[in-house]
Amino acid sequence: MGNILEFVPGDSFLHRLNPITKIVLAFLFCICSLLSNNLLIQVGLLAFLMIIAFAAGIGEKAMGLLRTLLFFCILMIILQLIFMRGGVGYLVLPGGFPLVTSDGLYYAALFTLRIINATLPLLMMFAITQMNDLTNAMVNRLHVPYRYMFILTTAFRFIPILAGEFHDIMDAQKARGVEFDTRNIFKKIGLIVPLCVPLLVSSVKKVDSGAVSAQVRGFSLRTRGAGYKAYPFRLGDLLALLLLAAMIVLLVFFG
Amino acid sequence: MIEISKMGFQYSGSDRMALRDINLTIQDGEFVGLIGVSGAGKTSLTHTLTGMIPHHYKGDFYGSVRVNGMDTVECRGEDLYRIVGSVFQDIDSQMVASVVEDEILYGLENFGFSREEISERLENVLDTLGIRDLRYRALSSLSGGQKQKVAIAAIVALRPQIIVLDEPTGELDPESSLQIFRLLRQLNKEFGITVLIVEQKIMLLCEYVDRMIVMNEGAIVFDGPARDVVRHTSTFEDIGINVPRVVTLCGQLQKKGLYNGQVPLNVEEGEKMVREVLRGGRHAGI
Ligand SMILES: Nc1ncnc2c1ncn2[C@@H]1O[C@H](COP(=O)(O)OP(=O)(O)OP(=O)(O)O)[C@@H](O)[C@H]1O
Ligand SMILES: [Mg+2]
């Protein structure tokens, strides 16, 4: 499956936008989804997102993300169905109690779409932006201290490394006969928790050696203008930002 | 030039010396191999050259380490990093970027070279290491050997006088390991870069390095041309390092008085030795 935050190389219009534009666009899209209580508009927003995703060549990735998000929404959908009791009742139980109601369905759909529309743009942003570019653009253009951006990028970079490490440790344990594929969730947690200590030790070591490696390659000498690549704002950036600003204005007045 | 004198180091919190009484001089342009069992102090020794010991890894430090006359404890780290380039033991954690090109650019950007200089060095190093086709690849998609080349490229681009590599072939297959050694020899011969390489595969060291240093329990046990060093087969056995079989064979032949030529370091030389011994045997009528 790979890392959900992993970069998908490409040369689409979206890929070529300034990294800062991309992150701003993602946030503006979140605002859009939070502004509207209309189910149709939310459906429209999601459709728009998907069109963008396929146009940028990350359609499959977006579908995968969508499935993951839906999975996380299951609990909320159930709660909405149980507690929203207005409107027409369906699946009426003997005794006249409706299992679901039209209100329940409506709000379950609305909130799920809303959550998806508010998170998917950010996740998609990572699929079309390299952390390095984001870092350099933030440092060069927005004057964010390099130190902080480095911490952030490092954190992202270490997610797959540590996941791999965890996998290795699990494998080593399996080789010793520990059975992780138990059905009992508590037993499983009990088996995994002791692994956290070696994982923590080795991750601290790895992060430390990463820091040492950055240091001997001149980390502390880096200046704000150090980037080799330039991150200019172009017409495309302006147009994309205007489009989303217009969407927000429309939603404020008509959403 | 590296000059280490009466150097010792004990990590804080540790109850034994990680390095003991190290005296070592490495001239410009040497190709030096460092071997020793796990925990012998090889990595620690490499850290003293960049001043990471004792500045980053704290502890009790004795004696002195000088690089081009600069004392690593007193001088500014930045001045040192321009001279000594390090490739570390853990390949993945030393990468700072997600794409090959960015990884190579990182150090160049940090040291503040001009754009023209950066692009010239970038193009150059891609050709020197033969990784031009990897330029836009994601690091996560590379094989171990390719990653190692990228790590070396990122250092070579900075054009250090000295390159220190900590077990760069540790996770590589034999063919990729050979490639790395060939590459290092080329860098050493063509550009006169001093190479200090930590390596467990003694055959590779025998084949490529001018000088071999053996460490055990924090101290230097042997230091000299590979041919002289490997002769001490029994000490190697005590330490727990496997000596190449041709060398063991040579030792046995010498003990029996059948051979007194030079110690063979690879298969071809081994073959020569065996032929010589057989010829001698025929002369003696055996
Ligand atoms: N950060 C540290 N803190 C405390 N002790 C350490 C630290 N790093 C290494 N040591 C200890 O110092 C000694 C030498 O370790 P070092 O890593 O230099 O050995 P090495 O020869 O590189 O071994 P390997 O082949 O396993 O990499 C070991 O006993 C080790 O436990
Ligand atoms: Mg080591």
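Residues numbered from 1 in each chain as written. Chains lettered and ligands numbered in written order. Predicted model: local features only at pLDDT ≥ 70, side-chain atom pairs only at ≥ 80, totals over all residues. Heavy atoms only, no water.

Looking now at the site of ligand 1. All names here are of chain B. Looking at ligand 1, there are 14 residues lining it, with Ser-38, Gly-39, Lys-42, Thr-43 and Ser-44 nearest. Backbone polar atom of Gly-41 to an oxygen atom of ligand 1: 3.0 Å apart, as the coordinates give it. The contact in question runs from an oxygen atom of ligand 1 to an N or O atom on the side chain of Glu-167, over 3.2 Å. Considered on its own, ligand 1 offers 630 Å² of accessible surface; in the complex 66% of this is hidden by protein. The leading source of residues in the shell around ligand 1 is helix 1 (residues 42–49), at three residues. Here the residues of the shell around ligand 1 sort into four nonpolar, seven polar and three charged. (Near = heavy atom within 4 Å. Polar contact = N/O pair within 3.5 Å; in protein donor to acceptor, adjacent residues only side chain to side chain. Areas by Shrake-Rupley, 256 points an atom, 1.4 Å probe, with all protein chains shown as cover. Helix = DSSP H or I, 4+ residues; strand = E, 2+ residues; numbered from the N terminus. Nonpolar A, V, L, I, M, F, W, Y, C, P; charged D, E, K, R; others polar.)

According to the domain assignment, chain B consists of domain 1 (1–83 + 160–242), domain 2 (97–150) and domain 3 (244–286). Placing the centre of domain 2 of chain B and that of domain 3 of chain B at their C-alpha centroids yields a distance of 47 Å. (Domains from an automatic or database assignment.)

Below, the discussion takes up the coordination of the magnesium ion (ligand 2). Taken together, the protein donors to the magnesium ion (ligand 2) comprise Thr43(B) (OG1) and Gln89(B) (OE1), at separations of 1.8 to 2.5 Å. Of the two residues, Thr43(B) sits in helix 1 while Gln89(B) sits in the loop between strand 6 (84–87) and helix 4 (100–110), which places them 46 residues apart along the sequence. (Donors = N, O, S within 2.8 Å, 3.2 Å for Na, K, Ca; no water.)

Moving on, we come to the interface of chain A and chain B. Counting residues at the interface gives 28 residues for chain A and 35 residues for chain B. Between chain A and chain B, the buried area comes to about 2800 Å², and carbon and sulfur atoms account for 51% of it. The largest per-residue losses of area from chain A upon contact with chain B belong to Val216(A), Arg217(A) and Tyr228(A), which jointly make up 32% of the total buried on that side. Where chain A packs against chain B, one counts five salt bridges. Residues Glu101(B) and Lys229(A) are paired through a salt bridge, measuring 3.3 Å at the closest nitrogen-oxygen approach. Along the contact surface separating chain A from chain B lie 18 residue pairs in polar contact (both at pLDDT 80 or more). Where the side of chain A that touches chain B is concerned, the elements lending two or more residues are helix 6 (131–142), helix 7 (146–175) and helix 9 (196–216) of chain A. (Contact = heavy atoms within 4.5 Å. Buried area = accessible area lost by both parts, 1.4 Å probe. Salt bridge = Lys/Arg side-chain N within 4 Å of Asp/Glu carboxyl O.)

This part takes up the sheet that holds strand 8 (residues 194–198) of chain B. All names here are of chain B. If you trace the six strands from one edge of the open sheet to the other, you get 6-7-8-3-9-10, paired in mixed fashion. The open sheet has two free edges, formed respectively by strand 6 and strand 10 (219–224), since each of these has just one partner strand. Each strand axis lies, on average, 15° off the axis of its neighbour in the sheet, ignoring direction. The sheet contact formed by strand 9 (residues 211–216) and strand 10 spans five bridges and is antiparallel. The residue bridging Asn-216 from the neighbouring strand is Ala-219, located in strand 10. (Pairing = 2+ DSSP bridges. Axes fitted to C-alpha atoms, helices over the stretch in contact; angles between N-to-C directions.)

A few words now on the side chain of Glu199(B). All names here are of chain B. Mapped onto the secondary structure, Glu-199 falls in the loop between strand 8 and helix 8 (202–208). When its relative accessible area of 2% is taken as the criterion, Glu-199 is described as buried. Not counting chain neighbours up to four residues away, the residues in contact with Glu-199 comprise Leu-34, Ile-35, Thr-169, Phe-181, Leu-204 and Leu-205. (Buried < 20%, exposed > 50% of the residue type's maximum accessible area, 1.4 Å probe, protein only.)

Residue and element names in this part refer to chain B. Tracing the backbone through its elements, the reader meets Val-65 in strand 4 (residues 59–67). Residue classification places Val-65 among the buried residues on the basis of a relative accessible area of 0%. Separated by 58 residues in the primary sequence, Val-65 and Met-7 place their C-alpha atoms 7.2 Å from one another. When neighbours within four sequence positions are excluded, Val-65 is seen to be in contact with Glu-3, Ile-4, Met-7, Thr-48, Leu-49, Met-70, Asp-71 and Thr-72.

This part covers the sheet that holds strand 2 (residues 19–26) of chain B. Residues and elements named next belong to chain B. Ordered in space as 2-1-4-5, the four strands form an open sheet in which the pairing is antiparallel. Whereas interior strands pair on both sides, the edge strands pair on one side only; in this sheet they are strand 2 and strand 5 (70–71). Both strand 4 and strand 5 contribute to a ladder of two bridges, which runs antiparallel. Along strand 5, the bridge assignment pairs Val-67 with Met-70. Packing of helix 1 onto the sheet brings it into contact with strand 1 (2–11), strand 2 and strand 4, and relative to strand 1 it is tilted by some 120°.

Evaluation of the coordinates by the stated rule reveals zero disulfides over all chains. Lacking any disulfide linkage, Cys32(A) is separated from the closest cysteine sulfur, that of Cys30(A), by 9.0 Å. (Disulfide = S-S within 2.5 Å.)

Right, let's get into the pairing of strand 8 of chain B. Residue and element names in this part refer to chain B. For strand 8, the buried fraction is high: five of the five residues fall into the buried class. Neither face of strand 8 is exposed, since Thr-194, Leu-196 and Val-198 on one face and Val-195 and Ile-197 on the opposite face are all buried. Bridge count between strand 3 (residues 31–35) and strand 8: four bridges; the pairing is parallel. Within strand 8, the position partnered with Val-32 by the bridge is Leu-196. Chirality of the crossover, the property in question, places the unit of strand 7 (residues 162–166), helix 7 (residues 174–191) and strand 8 among those that are right-handed. (Right-handed = clockwise from strand over helix to strand, strands pointing away.)

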